[in-house]
Amino acid sequence: MAAKSAWAAFPHDAKGYAYAGDALKKAWPKLHAGDTEPYPDAKRAAALIAQAGKAAPKGLDADALAAALQDAWRAFHRGDFKAAFDAGEALGPVGASVAVKALGIHATYLVDDDDEKLKRYEYAAKLAEAAVKALPDDANSHYRHAFALGRYSQGLSIAKALKAGIAGKVRAALDTTLELAPKHAEAHTAMALYHAEIIGKVGAMIGGLTYGAKAAEADKHIKTALKLTPDSPIAHIEHGNVLMLLHGDKQEDAAAAAYEKAAKLKPIDAMEALDGAYARAQLE
């Protein structure tokens, strides 16, 4: 599906984001502070093969799988999202984490056509769903599913998204992510947005009664994300978004300050560079 569509190139200088050889392992804790993705060494690859069982890629031993996953993530971090997606997708459910992240981040920032965006998010959700079946104990199987569904629902009208029951699926996937990985900053950010977006769209009363959405929960989750990843541009961007969704113009200055913070942070990979560029564009 997505492979046939055009893949716009990463529009910034990617020289600083190469992470060749051992540089990837060294930078990994920083690069993955937000999503707690385990470093794909041979031991991790062996565990993935064992967990995935029949859904594991054929003919790859742990060393070969580790090398393939490392290369896919290198491509992601340097902004070669198509290569990262292709490599991840080819590995089936064990490559879904990098495939969905690459497809999702590229669609968010580098696909202009709204229908095309929706198609990609829908496909990303399918890949993540297969990963949830094959790797149910892996936090990012659930998180990528929530991310793809959440982005997909943002492209629909709120009435459509609520009618399709997407909110409940996103919530369940995020709950599972945080049970498996309590320090998953991106899941905390997404949970904050879940609460804030519903309240922003249907109001506090209906949001609370029907979907269990609470402003206090949004506040708590975004604070946790900022504490876990103070240097992550997306945490600050979404902090600004949460403030606007919950308080509107009353918190406009605080939201702008959050965006400014995001715009000033030094990106460590292509995704963060896109996040920062987005924050700067919003401030102009």
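Rules and cut-offs
Residues numbered from 1 in each chain as written. Predicted model: local features only at pLDDT ≥ 70, side-chain atom pairs only at ≥ 80, totals over all residues. Heavy atoms only, no water. 1 Å grid on protein atoms, 1.4 Å probe; cavity = no way out; pocket = protein on both sides within 12 Å on 5 of 7 lines; lining within 4 Å. Points joined across faces, edges and corners; volume = space filled by probe spheres on them. Helix = DSSP H or I, 4+ residues; strand = E, 2+ residues; numbered from the N terminus. Nonpolar A, V, L, I, M, F, W, Y, C, P; charged D, E, K, R; others polar. Buried < 20%, exposed > 50% of the residue type's maximum accessible area, 1.4 Å probe, protein only. Arc of directions from axis to C-beta. Contact = heavy atoms within 4.5 Å. Salt bridge = Lys/Arg side-chain N within 4 Å of Asp/Glu carboxyl O. Phe/Tyr/Trp six-rings, centres within 6.5 Å; stacked < 30°, edge-to-face > 60°. Lys NZ or Arg CZ within 6 Å of the ring centre and 35° of its normal.

Caption draft 1: Region of the structure containing the layout of surface pockets. Considered as a void within the structure, the largest pocket measures approximately 630 Å³ in volume. What lines the largest pocket is a set of 32 residues, and nearest its centre among them are Gly150, Arg151, Gln154, Leu193 and Glu197. Secondary-structure elements contributing two or more residues to the lining of the largest pocket are helix H5 (96-110), helix H7 (139-154), helix H8 (158-163), helix H9 (166-180), helix H10 (185-202), helix H13 (233-247) and helix H15 (270-283). Grouping the constituent residues of the lining of the largest pocket by class yields 19 nonpolar, 5 polar and 8 charged.

Caption draft 2: Inspection of helix H4 (residues 81-90) at higher detail. Listed as buried for H4 are Phe81, Ala84, Phe85 and Gly88. Buried residues of H4, viewed axially, fall in a sector of 95 degrees; they line one side. Buried positions along H4 lie against helix H3 (62-77), H5, helix H6 (114-134) and H15.

Caption draft 3: Layout of the pattern of salt bridges. According to the stated counting rule, one finds 15 salt bridges in the structure shown. Lys220 is the salt-bridge partner of Glu217, the closest N and O atoms lying 3.5 Å from each other. Placement of the pair is Glu217 and Lys220 together in helix H12 (residues 215-228), with a separation of 3 residues, close to one helical turn. Here the salt bridges share partners, and the residues they tie into one network are Asp35, Glu37, Arg44, Lys101, Asp138, Arg144 and Glu186.

Caption draft 4: Region of interest: the packing of aromatic side chains. Scanning the model with the defined rule gives 10 aromatic pairs in all. Summarising the aromatic geometry, the rings of Phe10 and Tyr17 are spaced 6.4 Å apart at their centres and angled 70 degrees between planes, so their arrangement reads as edge-to-face. Judged by relative accessible area, which is 12%, Phe10 ranks as buried. Ring centres of Phe76 and Phe81 lie 5.5 Å apart, and the angle between their planes is 70 degrees; this geometry places the pair in the edge-to-face category. There is no split in this pair, since Phe76 and Phe81 are both buried. An aromatic cluster is built from Trp28, Tyr39, Trp73, Phe76 and Phe81, whose rings are joined through pairwise contacts. The positively charged end of Arg120 is found above the aromatic ring belonging to Trp7, 4.9 Å away from the centroid.

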